[in-house]
Amino acid sequence: MSGDAQKLTRVESGIKGLDRVLHGGFIKGGLYIIEGVPGTGKTIFGNQFCFNQAKAGEQVLYVTLIAETVGRMLLNIRNLSFYEDAAIGVGIVYLSGFSELKNGGLTGLLHLLRREVASRRASILVIDGFAAAADFAHSREEMKVFVQQLQTQADAVDCTVLLLTNPSEQTPSSEETMVDGIINLTSSLYDWRPSRELYVRKFRGSSYLLGVHSFQIADDGLTVYPRREALSSSVGIDNGELQRVPTGIARLDQMLGGGIPSHSITMVVGPSGTGKTTFGMQFLAESSAQEPGLLFGFYETPARIRTKANAVATRLTRALDAGDAQILWIPPSDQLIDGLADRMLEAVQERNVRRLVIDGLGGFKKAVRSRPIEPFFSALTHQLRAHKVTTVCTAEVPEIIGPTMTAPLRGLSDVTENHLLLRFVEVGASLYRLLSILKVRDSDFDSALRLFSITSNGIDIAENSESAESILSSFSSHARRADPVRIAQEPGR
Amino acid sequence: MADGRAKTVLIVDDELGIVEVLEFILGDAGFTVISALNGEEALARLKQDTPDVVILDLMMPIMGGAEVLKAMRRDPKYSAIPVILTSALSEDTVREQCDGAYTLFMRKPFKSQQVLDAIARFLPSNSKSTH
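None of the values given here were measured: they were computed from a predicted structure. (Residues numbered from 1 in each chain as written. Chains lettered and ligands numbered in written order. Predicted model: local features only at pLDDT ≥ 70, side-chain atom pairs only at ≥ 80, totals over all residues.)

**Looking at the overall build of chain A**
Move 1: The secondary structure content of chain A amounts to 18 helices and 22 strands.
Move 2: A compact globule built from 493 residues would reach a C-alpha radius of gyration of about 23 Å, whereas chain A, at 29 Å, exceeds it by more than 25%.
Move 3: Expressed as lengths along the three principal axes of its C-alpha atoms, the size of chain A is roughly 95 × 55 × 40 Å.
Move 4: Here chain A holds 493 residues, and the buried ones make up 43% of them.
Move 5: Expressed as a percentage of contacts within chain A between residues at least 6 apart in sequence, the contacts between residues at least 24 apart total 72%. (Helix = DSSP H or I, 4+ residues; strand = E, 2+ residues; numbered from the N terminus. Rg over C-alpha atoms; globule rule 2.2 N^0.38 Å. Buried ≥ 20, exposed ≤ 12 C-beta atoms within 10 Å, placed from the backbone. Contact = placed C-beta atoms within 7 Å.)

Quick look at the structure:
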């Protein structure tokens, strides 16, 4: 490419998320390979790019070398929202280059491309099925010369070129070494679920987001979800003065020394039924115009919350009706974890959310494919802190009753500042709930176990730890009575 | 056939696959088929062999279907030849781009019977059809 780096002009793809990965889009006049096996979305990628460019007033030439006719291809994309019939023939022209290639080889194809780009003053050229060109090349050298000529031509007229092709059997192929960038698309199954991934293998002239990024193909075409870990390093944090954010549960605030530290992440851990969601709802019910709240959840729908007949739901419904709180319910489906994060952060930024409840971590865990969740969650929480959000995240553990509990994340302390543990204790025929604060970063707190219950007014925590001690003593003596063998083995008995 | 000669269809399309399929369908139906891969070639072929019907694609390199239509309508030798215009676009869009100068529109992708039915509207009913 000619020109110094300062004069590089960007060509936005218009594909959501992709321009973020490319730090602004393609570089004008560049030659790029979009590679992937059949079915990975290359043709949709190419067409979506073309229609976006045509809408922006550019002249686009789409040349196909593949077996599928132009008519069949357009039929297949006609229902995608970016498609506009009126753009075709005006902003976008579709041509077949196969006959030129068949009759004249690479030379014939090059003449076609040169002539049509020039006569139509095309600033965008997409060649679909570029692998067919390689089939007509007599040698790797001939292919190299062709690509070089194409690159020179494109650069000279500031035409940005995309070559849609299959991955080369020879690595690196002739063209790979010469083009300005290579984007790889893959599509696979992970545990019965689809997994589509995009990876920038090469991108001259600019930095880009490294690593693999997920993407989806839906009615609006391709949407790319940049990997959260790759994004987070650009976000700075201003720690500022530490303040306390009330939880909506007065006794808990006392135990915490006034409330949760502002802009921190609190993990509420416990088995199913211990009241984690109720904790979250009470926290959210404290939302106000000055502290807008958001529940990003996978379990409770807004309609279901409104039908609950208790004081917490009533307070929360008031906050919802006033617009101080919002519930974003995510239905169970094949979600992408970076897509969930994008959606949540968009909602946070849109309303300047200050109180966030994530109910719960399990919803994100289900959306993970093959990569570990800890770096993702660490990046996500980092961004929430940067947005000055105080977050409560619920996390279910599989053990309902018992002395051991599996931590919901490895390295939990690296990711969250505050940990609340909820658990059941079974004594005789009764089930009790206990709460303890395990950690509050850089703060004093009351670490004693407390008994609590869920009432129509919400979480009711015992005034002190006496009732918890009493319960645990009863539990201990019940356990002794239930296990005569163990009693016999104790020293002194 | 009324005058004893096989009717001639000129196919104008840059997609070689479509040209070959139409050659097969129409040849099998007893028509003489000539073809061109772009508008410039099409006008040259018109001068050599005046066809009875033209099947004309809209978007082509060098010269597109709209320009071919304009040239044909301007020339009394060709202005009366029926033109079946083909495109992947909707007819509303095509009509706007061509000022409605074509005789019939056939949206791509089309089926072989559609082609034969379209041709039958302009050519004598004793033209052979295999469908």
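**So, the confidence of the model for chain A**
Residue and element names in this part refer to chain A.
Move 1: On average, residues of chain A score 88 in pLDDT, and 92% of them are at 70 or above.
Move 2: Considering only residues more than four positions removed or in separate chains, one finds that residues 1–6, a stretch of pLDDT under 50, has ten contacts.
Move 3: This model gives residues 483–493 a pLDDT under 50, and the stretch forms three contacts once residues within four places in sequence are excluded. (pLDDT = per-residue confidence, 0-100.)

**Digging into the environment of A:Arg115**
Move 1: As for its position among the elements, A:Arg115 is in helix α4 (residues 98–120).
Move 2: Along the chain, A:Arg115 and A:Phe215 lie 100 residues apart, while their C-alpha atoms are 36 Å from each other.

**Points about the interface of chain B and chain A**
Move 1: Listed per partner, the contact involves 17 residues of chain B and 20 residues of chain A.
Move 2: Among the elements of the structure, α1 (16–28) and α4 (91–98) of chain B are those that each provide at least two residues to the side of chain B that touches chain A.
Move 3: The leading source of residues in the side of chain B that touches chain A is α1(B), at three residues.
Move 4: Per-class residue counts for the side of chain B that touches chain A are ten nonpolar, four polar and three charged. (Nonpolar A, V, L, I, M, F, W, Y, C, P; charged D, E, K, R; others polar.)

**Notes on the pairing of strand β5 (residues 92–96) of chain A**
Residues and elements named next belong to chain A.
Move 1: Among the five residues in β5, five count as buried, and that is most of the element.
Move 2: Burial along β5 is two-sided: Ile92, Tyr94 and Ser96 and Val93 and Leu95, pointing in opposite directions, are all buried.
Move 3: Here strand β4 (residues 60–64) pairs with β5 via five bridges, running parallel. Following the sheet pairing, Val60 is matched in β5 by Ile92. (Pairing = 2+ DSSP bridges.)

**Things to note about the sheet that holds β4(A)**
Residue and element names in this part refer to chain A.
Move 1: Here we have nine strands laid out as an open sheet, ordered β5-β4-β6-β7-β3-β8-β9-β10-β11, and mixed in their pairing. Every interior strand has two partners, whereas the edge strands, β5 and β11 (221–225), have only one. Along the sheet, successive strands turn relative to each other by an average axial angle of 20 degrees, direction set aside.
Move 2: For strand β8 (residues 181–190) and strand β9 (residues 193–203), the ladder comprises ten bridges, and the chain directions are antiparallel. Within the sheet, the bridge partner assigned to Gly181 lies in β9 and is Phe203. (Axes fitted to C-alpha atoms, helices over the stretch in contact; angles between N-to-C directions.)

**Thoughts on unusual backbone geometry**
Residue and element names in this part refer to chain A.
Move 1: Look at the link from Asp359 to Gly360: it is a cis peptide, with omega at 0 degrees.
Move 2: Relative to the helices and strands, Gly360 resides in the loop between β17 (355–359) and α14 (361–367).
Move 3: Phi at Arg121 is positive, roughly 50 degrees, even though this residue is not glycine.
Move 4: Mapped onto the fold, Arg121 is located in the loop between α4 and β6 (124–128).
Move 5: At Asn352, a residue that is not glycine, the phi angle is positive and equals roughly 55 degrees.
Move 6: Among the secondary structure elements, Asn352 is positioned in the loop between α13 (337–351) and β17.
Move 7: Its 12 C-beta neighbours within 10 Å are what place Asn352 among the exposed residues.

**Structural notes on the sheet that holds strand β1 (residues 8–12) of chain B**
Residue and element names in this part refer to chain B.
Move 1: With parallel pairing, the five strands of this open sheet are ordered in space as β2-β1-β3-β4-β5. Edge positions in the sheet fall to β2 (32–36) and β5 (104–107), since each of these pairs with one other strand and no more. Looking at each pair of strands side by side, their axes are set apart by 20 degrees on average, direction ignored.
Move 2: Sheet analysis places β1 next to strand β3 (residues 53–57), joined by four bridges and oriented parallel. When the sheet's bridge partners are listed, Val12 is paired in β3 with Leu56.
Move 3: In this fold helix α3 (residues 65–74) packs onto β1, β3 and β4 (83–87), with an angle of close to 145 degrees to the strand it touches most, β3.

**A few points about the domain arrangement of chain A**
All names here are of chain A.
Move 1: What the domain assignment reports for chain A is domain 1 (5–226) and domain 2 (244–484).
Move 2: In this structure, domain 1 and domain 2 have C-alpha centres spaced 47 Å apart.
Move 3: Taken together, the contacts link eight residues of domain 1 with seven residues of domain 2.
Move 4: For the side of domain 1 that touches domain 2, the secondary-structure elements that each account for two or more residues are β9 and β10 (212–218).
Move 5: Broken down by element, the side of domain 1 that touches domain 2 gets its largest block of residues, three residues, from β9.
Move 6: When its residues are assigned to classes, the side of domain 1 that touches domain 2 shows four nonpolar, three polar and one charged. (Domains from an automatic or database assignment.)

**Comments concerning the nonpolar core**
Residue and element names in this part refer to chain A.
Move 1: Ranked by internal contacts, the top residues of the largest apolar core, which has 168 residues, are Tyr32, Leu61, Leu125 and Leu316.
Move 2: At eight residues, α4 tops the list of elements feeding residues into this core.
Move 3: Here this core spans two domains, since at least three of its residues come from each of domain 1 (5–226) and domain 2 (244–484).
Move 4: The contact partners of Leu316, leaving out residues within four places of it in the chain, are Met281, Leu284, Ala285, Ile305 and Ala325. (Core = buried A, V, L, I, M, F, W, Y, C linked by C-beta atoms within 7 Å.)

**Some details on α3(B)**
All names here are of chain B.
Move 1: Of the positions making up α3, those classed as buried are Gly65, Ala66, Val68, Leu69 and Met72. The buried residues of α3 occupy one face: seen down the axis, they fall within an arc of 160 degrees.
Move 2: On its buried face, α3 sits against β1, α2 (39–48), β3, β4 and α4. (Arc of directions from axis to C-beta.)

**Side note on the packing of α2(B) against α3(B)**
Residue and element names in this part refer to chain B.
Move 1: With their axes 9 Å apart at the nearest point, α2 and α3 run at an angle of 30 degrees to one another. The orientation of α2 with respect to α3, classified from their angle, is roughly parallel. For the pair α2 and α3, the crossing hand works out as right-handed. From α2, Gly39, Ala42 and Leu43 reach across to α3, where they touch Gly65, Glu67, Val68 and Ala71.
Move 2: Classifying every residue of the contact of α2 with α3 by side-chain character gives four nonpolar, two polar and one charged. (Parallel < 35°, antiparallel > 145°, perpendicular 65-115°, else oblique. Left-handed = near helix turned anticlockwise from the far one by under 90°.)

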